[in-house]
2 protein chains.
Amino acid sequence: MADPHLYAVIMAGGSGTRFWPASRRNQPKQFLPIAGERTMLAATAERLAGLVDHERLIVVCGREHADLVRRSLPDLPAANLLAEPVGRNTAPCVAWAALEIRRRDPRAVQVVLPADHAIEPAEAFRSSLRAAVAEAAGNATLVTLGIRPTRPATGYGYIEAGEGSRGIEGHAVLAVTRFVEKPDLRRAQEFIDTGRFFWNGGIFVWRTDAILDAFRRHLPEVVERLAAARTGAEVEAAYPRLPSQAVDVAILEKAAAEERVRMVPIDYSWSDLGSWNALGDVHPVDEHGTCVAGGTALAAHDAAGCVVWGEPGTLTALVGVRDLIVVRAGNVTLICPRERAEDVRRIVAELGQEHDGFA
Amino acid sequence: MADPHLYAVIMAGGSGTRFWPASRRNQPKQFLPIAGERTMLAATAERLAGLVDHERLIVVCGREHADLVRRSLPDLPAANLLAEPVGRNTAPCVAWAALEIRRRDPRAVQVVLPADHAIEPAEAFRSSLRAAVAEAAGNATLVTLGIRPTRPATGYGYIEAGEGSRGIEGHAVLAVTRFVEKPDLRRAQEFIDTGRFFWNGGIFVWRTDAILDAFRRHLPEVVERLAAARTGAEVEAAYPRLPSQAVDVAILEKAAAEERVRMVPIDYSWSDLGSWNALGDVHPVDEHGTCVAGGTALAAHDAAGCVVWGEPGTLTALVGVRDLIVVRAGNVTLICPRERAEDVRRIVAELGQEHDGFA
């Protein structure tokens, strides 16, 4: 039976332009079945099955996406959907959810996690979370999961770990020395070489009183203004004036300096699906290094290393091309070298009024 | 007023896999608006307006495409549509049309031309044809139009011209020394350097009695078997047993050796649209060397030299790519480097039973 004091906060606020044109302004990545049959949000909720009861699942999203959340999670109680009037990064989102949970259960422990990551196997993930919950509940520390790096990635923040102890279910629990912003390649390689650095996946576990205490010390205006807002209308009025800050930077980095952060390392399959390049993390890659998903058929002649996304009933034909991203979704076709995957966001931003219907 | 003895034969029998996936097995290039608003067949007929009356326009096509011809040319008299039961290259097609025209008018002169070439301006083209008609009618020679080469193309046959005379409307009329099959690049350059070689565009003008006489001398079985077939059913029975031969090789090359072929050189815009690479011959090319057609919108970021075809209401987004062919037509998306345009035919041929619905 699920722990009656354990809540989960799924952060579903991203705009998801990195998977354009499959993701659109009105249909971000977390509401698409990028990694499987279900939307990424539904898969994220399903991954917590048995650990967190549906009635203790909180979803925070942009107001314009509230209907998409209801469609992805039809069993979610209406009161468990927190719709932000404007996006303010993760810190206000975490504070709002913590206040809402404290109102329901002052002794609650929370898992906070993004809606758009792919993690396998689910049972191993739940085991890591149980170890993190045990640590957070017992010692009032802020706990994060750290992903053991498989390459010197420059697209993630890193966590430096220190001394450790043994947690439950055989997991290590390490002290967190510091959080480091995305490094360049040379530095990322140095991090890897030490064996002490982990990727920051933005997955956190803490007691509600512990995170609210950390907010009061490091970002008091956010928690004070939100605590003062008693009605939905008051939250709506307060939100636009909150600072846009990431919880990692505003809270975790400072708490780490106070030696109040711990980490549970994980080493199974994790992907934040940060760009089309990551499609091969969650879908099969053929013998020529090409990954096809979305339901399209592929006809390839001397093609290799491509990432292909297309709809069922379509054929994607590749002749003599290497390392391309080829996406056909709705009324848009995108072609981009894999090494320029990050520039997809740029072209979406550049789509002017003339092409607004394609963004 | 149009010359009452002048007929035109439009050869619309190609299967057109080079423009796949816009062209399909059941919708070859000549039935698509590749070069403008109308199908290429309709544009070909329109280009003859004022020169050849509709009632003297003959179209030869594959039986499976007869409906597409009727849709492209709704005013074409039913008796002017010759539907081949099987394709046998151009020689049987030319012989059949010549026999049909002789039945109607033994004194007829004919223009024979492919349905899928783009030629501009139409008035200049008609002027060249008038000069060719005057030559063919007066001297009973087989006349071809020769396109003055603009580059050492290896994709065309060449015509070597000899001495000339002055035709009507200021056109030259040159003796044809020989027809040469597609050369390699070195040889093509040598041809160009002499100034005596022209591209063979497969556009011919001759008196009906002259071409039938040439068939009787060089390919007698074709004209004899077709002349013996009096009914549609008899033509259908005869056709599959005819040899598959090109009229250039079977008739023109041999007639040239007998000094019975003349050429009218043309130097305005001509394209046989032999592959997607030729799209820039008939559509504007932007300042980055990219050509977009078919109605799709383009969003390009650091892209150059591409050929893009897509349907109205779609957006094609190119990021950081060079010299690619990008086509989205119906249920198929094709990506291929421009230098591999010829391989498009190959991939269509390789589409197995599994992907038959996309061919």
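Computed from a prediction, not measured in an experiment: that's the story for all the values here.

S.K.: Just checking my understanding: could you explain the sheet that holds strand 16 (residues 324-329) of chain A for this structure?
M.R.: Neighbouring strands of a sheet are bound in pairs by backbone hydrogen bonds; such pairs are parallel or else antiparallel. The mixed open sheet is built from 6 strands, whose spatial order is 12(A)-14(A)-16(A)-17(A)-15(B)-13(B). Looking at strand neighbours, the two that pair on one side only are strand 12 (291-293) of chain A together with strand 13 (297-301) of chain B, the edges of this open sheet. The sheet shows a mean angle of 10 degrees between the axes of neighbouring strands, direction not considered. Sheet topology places strand 12 of chain A next to strand 14 (residues 307-309) of chain A; 3 bridges connect them, and they run parallel.

S.K.: Would you mind showing me how to read the interface of chain B and chain A here?
M.R.: When the parts of a complex come together, some accessible area is lost, and that lost area is often used as the size of the interface. Facing 35 residues of chain B, the contacting portion of chain A comprises 35 residues. Counting each side, the surface lost to burial between chain B and chain A is near 2900 Å², with a carbon and sulfur contribution of 62%. The largest contributions to the chain B side of the interface with chain A come from Leu315, Val319 and Ile335 of chain B, which together make up 22% of the buried area. The interface formed by chain B and chain A includes 2 salt bridges. Here Asp302 of chain B and Arg340 of chain A are joined by a salt bridge, their closest N and O atoms 2.8 Å apart. Those elements that provide at least two residues to the side of chain B that touches chain A are strand 13, strand 15 (315-319), strand 16 (324-329), strand 17 (332-337) and helix 11 (344-350) of chain B. If you tally residues by element for the side of chain B that touches chain A, the top one is strand 17 of chain B, at 6 residues. Judged from the 4 bridges that link them, strand 17 (residues 332-337) of chain A and strand 15 of chain B form a sheet pairing that is parallel. Bridge pairing in strand 15 of chain B places Ile335 of chain A opposite Leu318 of chain B.

S.K.: I would appreciate a short explanation of the packing of aromatic side chains in the present structure.
M.R.: Any two aromatic rings considered together are summarised by their centre-to-centre distance and by the angle between their planes. Using the criterion set out here, one finds 18 aromatic pairs over all chains in the structure. Aromatic pair Phe191 of chain B and Phe197 of chain B: ring centres 4.1 Å apart, planes at 5 degrees, arrangement stacked. Its relative accessible area of 5% is what places Phe197 of chain B among the buried residues. Three or more aromatic residues joined by ring pairs make a cluster, and in this case those are Phe19, Trp276 and Trp309 of chain A.

S.K.: Honestly, the confidence of the model for chain A in this entry has me stumped. Any pointers?
M.R.: One rule of thumb: low pLDDT means the predicted coordinates there are not for detailed reading. Here chain A averages 95 in pLDDT, while 100% of its residues score no lower than 70. Our summary of model confidence lists the complex with pTM equal to 0.90 and ipTM equal to 0.89.

S.K.: For this particular structure, what's the right way to read the relation of the copies chain B and chain A?
M.R.: Turning one copy of the chain about an axis and sliding it along that axis gives the other copy, so a rotation and a shift relate them. The transform that puts chain B on chain A rotates by 179 degrees and translates by 0.1 Å along the axis, for an RMSD of 0.1 Å. Here the two chains are linked by the operation of a two-fold rotation axis. In this assembly the copies share their binding face: 100% of the residues contributing to the interface of chain B also contribute to that of chain A.

S.K.: Please explain helix 3 (residues 90-104) of chain B as it appears in this structure.
M.R.: Three- or four-residue spacings in an α-helix give side chains the same orientation, since the helix completes a turn every 3.6 residues. Residues and elements named next belong to chain B. With 15 residues, helix 3 should cover 21 Å at 1.5 Å per step; its first-to-last C-alpha distance of 21 Å lies within 8% of that length. Counting buried residues along helix 3, 12 of its 15 residues qualify, which places the element largely inside the surrounding structure. Along helix 3, the residues that are buried comprise Thr90, Ala91, Pro92, Cys93, Val94, Ala95, Trp96, Ala97, Ala98, Leu99, Glu100 and Ile101.

Calculation rules
- Residues numbered from 1 in each chain as written.
- Chains lettered and ligands numbered in written order.
- Predicted model: local features only at pLDDT ≥ 70, side-chain atom pairs only at ≥ 80, totals over all residues.
- Heavy atoms only, no water.
- Pairing = 2+ DSSP bridges.
- Helix = DSSP H or I, 4+ residues; strand = E, 2+ residues; numbered from the N terminus.
- Axes fitted to C-alpha atoms, helices over the stretch in contact; angles between N-to-C directions.
- Contact = heavy atoms within 4.5 Å.
- Buried area = accessible area lost by both parts, 1.4 Å probe.
- Salt bridge = Lys/Arg side-chain N within 4 Å of Asp/Glu carboxyl O.
- Phe/Tyr/Trp six-rings, centres within 6.5 Å; stacked < 30°, edge-to-face > 60°.
- Buried < 20%, exposed > 50% of the residue type's maximum accessible area, 1.4 Å probe, protein only.
- pLDDT = per-residue confidence, 0-100.
- Least-squares fit on C-alpha atoms with pLDDT ≥ 70 in both.
- Expected span 1.5 Å × (residues − 1).

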